[in-house]
Amino acid sequence: MEYFNCGKIQYEGSSSKNPLAFKHYNPTEKIGGKTMKDHLRFAGAYWHVMRNELADPFGQGTAQMPWDDKSDSVENAIARVDVFFEFLDKMGIEFYCFHDRDISPELNDLAASSAALDQVVAKLKEKQAETGVKLLWGTACLFAHPRYAQGAATSPDASVYAYAAAQVKKAIEVTNELDGLGYTFWGGREGYSTLLNTNMKRELDHLAAFMHMAVDHAKSIGFDGPFYIEPKPREPSTHQYDSDSAACLNFLREYNLLDHFKLNIETNHATLAGHTVEHDLTVAANANALGSIDANTGDTLIGWDTDQFPTDIYMTTQIMLVVLKMGGFTTGGLNFDAKRRRESHEPIDLMHAHIGGMDAFARGLKIAHAIQEDGRMAQFVEERYSSFDQDIGAKIEAGTASFAELEQLALANGEPTLASGRQEMLENLINEFI
Ligand code: XUL
Ligand code: CO
């Protein structure tokens, strides 16, 4: 039984008018000695592709899911796996990501939920072996169930904390069972809605203890993939502790966790934090901690996490400039944490949505590579800082200069003549390549 009314999506080149074809994403084409698919490492998000009914705060879901009987049965969960793999196969997407409760139902008690999870994982394992598809990362849903309304690893209630720990322990184990390349923490409820009832210091200490126990457990079962923290400032909480790259890095350093964690940066989360995505990517990359990307985009006219598919080539170019500069992904990739608009309710719209995102990133990759090869942009930046390459600048960077010495120099040199930052020239340079 097939549910997506199309064959495998093919690359047809930029002159193709076929909406169900790639115009730019040519998986085996080499860009700078590496194939596009190895650069981009696209992943499908189980929660959006298989489970997102496309509801919004004002109305129920519209998505047609003819494969789904809407029950919480394990049979229904297992049947979805085949549909998901049909989708991945037709899209040529070789990685995926899931939450424990997307792939398998939350049942009456923890033991029953875990047993159901094992059954679905056995099916996923079979499909991975059959297709060569890999798990980019797994995670646990610690935000949907009412027990987590006041947090999971930052809950004021130790028994909720224990429940969350048990759920994460199991989720790491099944991620390992599926040879997952990473494990993500997104703390949707790890924050507060008012400080009036919150002991922030204790909550952060508890969160760090939780992460340390996760690291210890991973070690004990031989899971060596990195953990990722996915920053987001708010929504659902008023303030989330993992609010942006800088806050996450500070937390990881303060609690001595940086050796085991990298960041998974999501565009729409960065913009909710008041940053560009390239800002949060750069902050992570500077700390050697840019692990993976949740690819999507927000809407400048709507102030919340709209999780739209990325289609803006200027943005994908800026993202790929950072990725290429750090030498590409290792364990990470580009996970489409993106959903269709509520109006796009047919299964085939999933194809249109992912084709758009994949083509936008293919173009971003090609453009970023060309800008890198051209070299003028990097050269401009290098020259801009060249006064730090020798003399007093080099001493400053080496940490051997003193205020007294700098004062002497400033007195002797008089008023500095500053060079132009040439922002507009550089913006024009990017457009040369787009
Ligand atoms: C929520 C979000 C999550 C994480 C995984 O905004 O991005 O789906 O990616 O929990
Ligand atoms: Co995400």
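Not measured: the values here are computed from a predicted model.

Calculation criteria
Residues numbered from 1 in each chain as written. Chains lettered and ligands numbered in written order. Predicted model: local features only at pLDDT ≥ 70, side-chain atom pairs only at ≥ 80, totals over all residues. Heavy atoms only, no water. Near = heavy atom within 4 Å. Polar contact = N/O pair within 3.5 Å; in protein donor to acceptor, adjacent residues only side chain to side chain. Areas by Shrake-Rupley, 256 points an atom, 1.4 Å probe, with all protein chains shown as cover. Nonpolar A, V, L, I, M, F, W, Y, C, P; charged D, E, K, R; others polar. Patch = residues over 30% accessible without salt bridge, like charges linked within 9 Å, V, L, I, M, F, W, Y side chains within 5 Å. Salt bridge = Lys/Arg side-chain N within 4 Å of Asp/Glu carboxyl O. Helix = DSSP H or I, 4+ residues; strand = E, 2+ residues; numbered from the N terminus. Buried < 20%, exposed > 50% of the residue type's maximum accessible area, 1.4 Å probe, protein only. Phe/Tyr/Trp six-rings, centres within 6.5 Å; stacked < 30°, edge-to-face > 60°. Lys NZ or Arg CZ within 6 Å of the ring centre and 35° of its normal. Domains from an automatic or database assignment. Contact = heavy atoms within 4.5 Å. Buried area = accessible area lost by both parts, 1.4 Å probe. Axes fitted to C-alpha atoms, helices over the stretch in contact; angles between N-to-C directions. Parallel < 35°, antiparallel > 145°, perpendicular 65-115°, else oblique. Left-handed = near helix turned anticlockwise from the far one by under 90°.

Draft legend 1. Summary view of the site of ligand 1. Surveying the vicinity of ligand 1 reveals the residues Trp47, His99, Trp137, Trp186, Glu230, Lys232, Glu266, His269, Asp294, Asp305 and Asp337. Between ligand 1 and His99, the relevant distance is 2.7 Å, taken from an oxygen atom to a side-chain nitrogen or oxygen of the residue. Starting from 300 Å² of accessible surface for ligand 1 in isolation, the protein chains cover 93%. Tallied by class, residues from the shell around ligand 1 come to three nonpolar, two polar and six charged.

Draft legend 2. Layout of a nonpolar patch on the surface. Together, Val381, Tyr385, Phe388 and Ile396 make up an exposed nonpolar region whose accessible area comes to about 340 Å². Mapping Phe388 onto the fold places it in the loop between helix H13 (376–384) and helix H14 (391–398). On the accessibility criterion, Phe388 (32% relative accessible area) is partly exposed.

Draft legend 3. Examining the packing of aromatic side chains more closely. This structure, assessed with the given rule, holds 25 aromatic pairs. Where Tyr3 meets Trp67, the ring centres are 5.6 Å apart and the plane angle is 75 degrees; that geometry is what we call edge-to-face. One end of the pair, Tyr3, is in the segment before strand S1 (10–11); the other, Trp67, is in the loop between helix H2 (46–49) and helix H3 (74–91), and 64 residues separate them in sequence. By relative accessible area, Trp67 is classed as buried at 8%. Ring pairing ties together the aromatic residues Tyr3, Phe4, Tyr46, Trp67, Phe84, Phe85, Phe87, Tyr96 and Phe98, which thus form one cluster. If you follow Arg147 out to its NZ or CZ, it ends over the ring of Tyr163, 3.8 Å from the centre.

Draft legend 4. Representation of the domain arrangement of the chain within the structure. Domain boundaries in the chain define domain 1 (10–374) and domain 2 (387–433). Each of domain 1 and domain 2 has a C-alpha centre, and these two points are 40 Å apart. With five residues of domain 1 at the contact, the number on the domain 2 side is four residues. For the domain 1 and domain 2 pair, buried surface summed over both sides reaches about 520 Å², with 77% attributable to carbon and sulfur atoms. Together, Tyr314, Ile371 and Asp374 form the three largest contributors to the area buried by domain 1 at its contact with domain 2, with a combined 66%. At the boundary of domain 1 and domain 2, one finds zero salt bridges. Inspection of the domain 1/domain 2 interface yields zero residue pairs in polar contact (both at pLDDT 80 or more). Take the side of domain 1 that touches domain 2: its biggest share by element is four residues, from helix H12 (residues 347–374). Across the side of domain 1 that touches domain 2, the residue classes tally to four nonpolar, no polar and one charged.

Draft legend 5. Geometry of the environment of Ala122. Relative to the helices and strands, Ala122 resides in helix H5 (residues 110–131). Measuring from C-alpha to C-alpha, the distance between Ala122 and Ile103 comes to 11 Å, with 19 residues separating the pair along the chain.

Draft legend 6. Looking closely at the packing of helix H11 (residues 313–325) against H12. Running from N to C, H11 and H12 cross one another at 55 degrees; their axes reach a closest spacing of 7 Å. For the element pair H11 / H12, the angle class is oblique. Here H11 and H12 pass one another in a crossing that is right-handed. Contacts between H11 and H12 involve Ile313, Thr316, Thr317, Ile319, Met320, Leu321, Leu324 and Lys325 on the former and, on the latter, Ala360, Phe361, Arg363, Gly364, Leu365, Ile367, Ala368, His369, Ile371 and Gln372.

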